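Descriptive structure summary
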Amino acid sequence: MDPVLKKLGWNAFFGESFREYVVGHEPGRISSVNRNGCKVYTKDGEVRARVSGRLRQDGLHPVVGDWVAISKDNSGTCTVHAILPRKSKISRKDAGRATAEQVIVANIDIAFIMTSLNRELNMRRLERYLAIVRQSGADPVIVLNKSDICDNICARINDVRAIAPDVPVHAISATEDIGIGPLSLYLQEGKTVVLIGSSGVGKSTLINALYGLERQKVGAIREDDSRGRHITTVRELILLEKGGVIIDNPGMRELQLWNAREGLHNTFQDIEELAVKCKFSDCRHETEPGCMIRKAIEEGRLPEVRFESYRKLQRELLAIERKKNPELQAAERKKWKKLGHMAEEIRNRKERGL
């Protein structure tokens, strides 16, 4: 195995998929994508490449982290001819379409879910990120940045562990180089880490700390709201000299679920375990007798805001599934039509004094 490809994450899984492209092609990994093409890491270094017309015609577009089969013609022009099967991917609902998937990054091993230990810390947002990462096939790690401006770090860590008891949590200060050492342990040769989180939480600053020099542009914290300035605009794969691969990711204003039912189950396993103990199998967890979820909320064992977060994400996912499935759409229209007829009948009966 080529040592450069190994550092980039090449393994037997991708080697098996590449067999049909061995003649006339070489493997590469997408490091960045733009309108005119992409950049690709190969065993000989990083090259610019265009995407073949056939891929574009089939609606297939490489994303950062993809392994691809490329060729080079006599003029030195590189072309991406195939995208190898992905072992993991982080996806979201495409904000610009009703029912389309947008793959953000591919073939990642670990996702650093980053947030700040200031007013940016939001448990409901963390739950959403956790559901998406757990669905991806990558291992989540929660990174709480800006510990140098937080007075009650232990309390904040306990709050996070309450919603993610099985996920590693690290409190750091990327600017002050506090707590960076343990994160370096995740960056092993052949492993890929992606940073996800809102704008201004310090993703680029952390990359600079891990890289050992100022590679990514960063912005200072705004004094009016304690938020960092949004700097990163391009998704980029970075090969670290010390070992490992890291993907910097622009802050995402919108991160809607996509096909994340298993991720929801893993993120809210405590709630789903309570639900199966309810007296009625079709319990709506509102006023029904024998509802274990309502009991847990009343006894203080389950925060109601966490349950409402679970219901909100469930509704969001169900709405997307209905749009993708015509049968579910038809059933939903039929249900509301029936409810409309029932409501009209009740009004008529009241008018007749019945």
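Placed above this text is the structure.
The structure contained in this document is the topic of the report that follows. (Residues numbered from 1 in each chain as written. Predicted model: local features only at pLDDT ≥ 70, side-chain atom pairs only at ≥ 80, totals over all residues. Heavy atoms only, no water.)

Brief notes about the packing of helix H4 (residues 123-136) against helix H5 (residues 153-163)
For the record, the criterion: Axis angles are defined between N-to-C directions and span 0 to 180 degrees, where every axis is a line fitted to C-alpha atoms and, for a helix, only to the segment in contact. Runs of E in the DSSP output that reach at least two residues are strands. Runs of H or I that reach at least four are helices, and both are numbered from the N terminus. For classification, angles of less than 35 degrees are called roughly parallel, those exceeding 145 degrees roughly antiparallel, those between 65 and 115 degrees roughly perpendicular, and all remaining angles oblique. For a crossing to be left-handed, the near helix must be turned anticlockwise from the far one by less than a right angle; the clockwise case is right-handed. Any pair of residues with heavy atoms lying within 4.5 Å of one another is described as a contacting pair. Here the nonpolar group is Ala, Val, Leu, Ile, Met, Phe, Trp, Tyr, Cys and Pro; Asp, Glu, Lys and Arg are the charged ones; every other residue, Gly included, is treated as polar.
Running from N to C, H4 and H5 point in directions that differ by 45°, and their axes come no closer than 10 Å. In terms of their interaxial angle, H4 and H5 are classed as oblique. Helix-helix and strand crossings are classified by hand; for H4 and H5 the assignment is right-handed. Residue-level inspection shows Met123, Arg124, Leu126 and Glu127 of H4 in contact with H5, the latter providing Arg156, Asp159, Val160 and Ile163. Broken down by class, the residue content of the contact of H4 with H5 amounts to four nonpolar, no polar and four charged.

Comments concerning the side chain of Arg29
To keep things clear, this is the line we draw: Here the term buried applies to any residue with accessible area under 20% of the maximum for its type, exposed to any over 50%, and partly exposed to those in between, with areas from a 1.4 Å probe on protein chains only. Only four residue types enter the charge count, namely Lys and Arg as positive and Asp and Glu as negative; His and the chain termini do not. Salt bridges, as used here, are contacts in which a Lys or Arg side-chain nitrogen is within 4 Å of a carboxyl oxygen on Asp or Glu. Throughout this description, a polar contact denotes any pair of N or O atoms lying within 3.5 Å of each other; where both atoms belong to protein, one of them has to be capable of donating a hydrogen while the other can accept it, and for residues adjacent in sequence the pair is counted only when both atoms sit in side chains.
Note that Arg29 resides in strand E1 (residues 26-34). The side chain of Arg29 sits in the buried core without any salt bridge; Asp109 is the nearest counter-charge, 6.3 Å away. Looking at Arg29, its side chain comes within polar contact range of the main-chain oxygen of Gly65, at 2.9 Å.

A short note on the packing of aromatic side chains
Applicable threshold: Aromatic pairing here means that ring centres of Phe, Tyr or Trp (its six-membered ring) are within 6.5 Å. Orientation follows from the plane angle: under 30 degrees is stacked, over 60 is edge-to-face, and everything else is tilted.
Enumeration over the complete set of coordinates arrives at eight aromatic pairs. Between Phe268 and Tyr310, the ring centres sit 5.2 Å apart and the planes meet at 55°, which makes this aromatic pair tilted. Of this pair, Phe268 sits in the loop between helix H8 (261-267) and helix H9 (269-275) while Tyr310 sits in helix H11 (residues 304-324); the two residues are 42 residues apart in sequence, bridging distant segments of the chain. One exposure class covers both Phe268 and Tyr310, and it is buried. Among the aromatic residues, those joined into a cluster by ring pairs are Trp10, Phe13, Phe14, Phe18, Tyr21 and Trp67.

Some details on the pairing of strand E3 (residues 45-51)
In plain terms, the rule: When DSSP locates at least two bridges between a pair of strands, those strands are taken to pair.
The pairing of strand E2 (residues 37-42) with E3 spans five bridges and is classified as antiparallel. For Val40, the partnering residue across the bridge sits in E3 and is Val47. One ladder, built from three bridges, connects E3 with strand E5 (residues 78-83); its direction is parallel. Its bridge partner being in E5, Ala49 is matched across the sheet by Cys78.

Treat this as a map of the structure, not an account of what it does.
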